[in-house]
Amino acid sequence: RQVINVQSMTGFGKSTMDNDEIAVACEMRSLNGKFIDLDIRLPKHLYEIDVEIRKRVSSILVRGSVVLVFNILNKPSTVSQNISVNKSLARKYNDEFAALEKELDLKSPDLFGQIANMPEIIQTHEAGYSDESRKLIIDCAVAAAHKLVDFRQTEGKVLHDDLLGNIESIEERLEQIKEHEGPRKEALKEKMYGHLSQHVDMDKIDESRFEQELLHYLDKWDVSEEKVRLAQHLKYFRETIALPNSGKKLYFINQEMNRESNTLGVKSNYFAIQQLIVEVKERLEQIKEQVMNIV
């Protein structure tokens, strides 16, 4: 069975875990990116594990712009320990409000409620999680990364088949170009004869010299090397796509194929071949868009 190593850079992964202290969920969304770029959204009191999550997840995902969103719920046994009232600040608010009421001759029906809603009165202290819980959060991120890889691989199979379909189509166009080589040479000869006959008396032409110039002209516009190089690039593309994490290399190979096809189109100087080159370029443009989404 053929192993397909192509992974799409876009995808989604989610994992949930819990222990006696917390329940944690981690969601990951990935988009295209030249390198690995992680946006890790953790509560402030967990920034200490950011580095470890970044290291572990980066080694799994390799490339892409990835957003990690964590949802961490404290179990009931820990919630009650995290809330406190800033009593000194509450007394200060009460004194100031009472003085203002007296000055303005007003009476608030719910002064306590107003004070309770003031900033920093009710304080939630983030729990200092145990080593076990911090490890659980890291493991949850790693598990979500693996789920994201599974998603990427599923999408990658589709990309793999589409890419090889485009490569096969270009190979077919190269074979079709061979069929036009004979007519192309004859057309170039006729073109040279036509230009020459307009300016020189054909009886005065040195046939031997003319044949030499004709061969030089045909050699100048020969496209054999471009066809060979393009065929080699196509073969190299097929070999590379079988390797893991080959997105960048495939992109560079596609650039080289574009250069050869451009030169081939210009040098062919023959409409039937140029038509085929347009179709080749169309496929290469599709390949470019596809490889930009491969890890």
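Below you will find a few notes about this structure. Residue indices follow the written sequence of each chain, beginning from 1 at its first position. In keeping with the model being predicted, local features are shown solely for residues with a pLDDT of at least 70 and side-chain atom pairs are shown and tallied solely at 80 or more, while totals for entire chains, interfaces and linings include all residues. Only hydrogens and water are set aside when side-chain values are computed; all heavy atoms of the structure are taken into account.

Turning to a nonpolar patch on the surface, a few remarks are in order. Patches here are clusters of residues that have more than 30% relative accessible area and form no salt bridge, with a 9 Å joining cutoff for like charges and a 5 Å cutoff for nonpolar side chains (Val, Leu, Ile, Met, Phe, Trp, Tyr). Residue exposure ignores everything except the shown protein chains as possible cover, and the areas themselves are Shrake-Rupley values with a 1.4 Å probe. The term salt bridge refers to a pairing of a side-chain nitrogen on Lys or Arg with a carboxyl oxygen on Asp or Glu at a separation within 4 Å. There is a patch of nonpolar side chains on the surface, built from Leu-100, Leu-104 and Leu-106 and spanning about 290 Å² of accessible area. By the secondary structure assignment, Leu-104 is in helix H3 (residues 87-104). Think of it this way: any DSSP run of H or I at least four residues long counts as a helix, any run of E at least two long counts as a strand, and we number them from the N terminus.

When DSSP finds two or more bridges between two strands, those strands count as paired. Taken together, the 4 strands give an open sheet; going across it, the order is E1-E2-E4-E3, and neighbouring strands pair in mixed fashion. Two strands bound the open sheet, and with one partner strand each, they are strand E1 (11-18) and strand E3 (36-41). When the angles between neighbouring strand axes are averaged without regard to direction, this sheet yields 15°. Summarising the sheet, E3 and strand E4 (residues 64-74) pair through 6 bridges and their orientation is parallel. Counterpart to Ile-36 in the pairing with E4 is Gly-64. Between N-to-C directions, angles cover 0 to 180 degrees, with each direction set by a line fitted to C-alpha atoms, over the stretch in contact for helices.

Here is a general trend for soluble globular proteins: nonpolar side chains tend to be buried in one another's company. Membership of the largest hydrophobic core comes to 28 residues, with the highest contact counts inside it found for Met-28, Ile-53, Val-57, Leu-61, Leu-68, Phe-70 and Ile-137. When contributions to this core are tallied by element, the ones reaching two or more residues are strand E2 (22-31), E3, helix H1 (50-61), E4 and helix H5 (131-179). The leading source of residues in this core is H5, at 10 residues. Residue contacts are counted whenever heavy atoms from the two residues lie within 4.5 Å of one another. Discounting chain neighbours no more than four positions away, the residues touching Val-57 are Met-28, Leu-38, Leu-68, Ala-141 and Ala-145. Here, nonpolar core means buried Ala, Val, Leu, Ile, Met, Phe, Trp, Tyr and Cys residues that are tied together by side-chain atoms lying within 4.5 Å of each other. Burial classification: accessible surface area is computed with a 1.4 Å probe over protein chains only, and a residue below 20% of its type maximum counts as buried, one above 50% as exposed, and the rest as partly exposed. The next biggest cluster of nonpolar side chains, apart from the first, holds 25 residues, and it includes Val-6, Ile-253, Met-257 and Ile-273.

Let us look at the pattern of salt bridges. Applying the stated criterion to the full structure yields 22 salt bridges. Residue Lys-135 is joined to Asp-139 by a salt bridge in which the shortest nitrogen-to-oxygen separation is 2.7 Å. Residue Lys-135 and its partner Asp-139 are located together in helix H5, separated by 4 residues, close to a single helical turn. Connected through shared salt-bridge partners, Glu-225, Glu-226, Arg-229, Glu-260 and Lys-267 make up one network.

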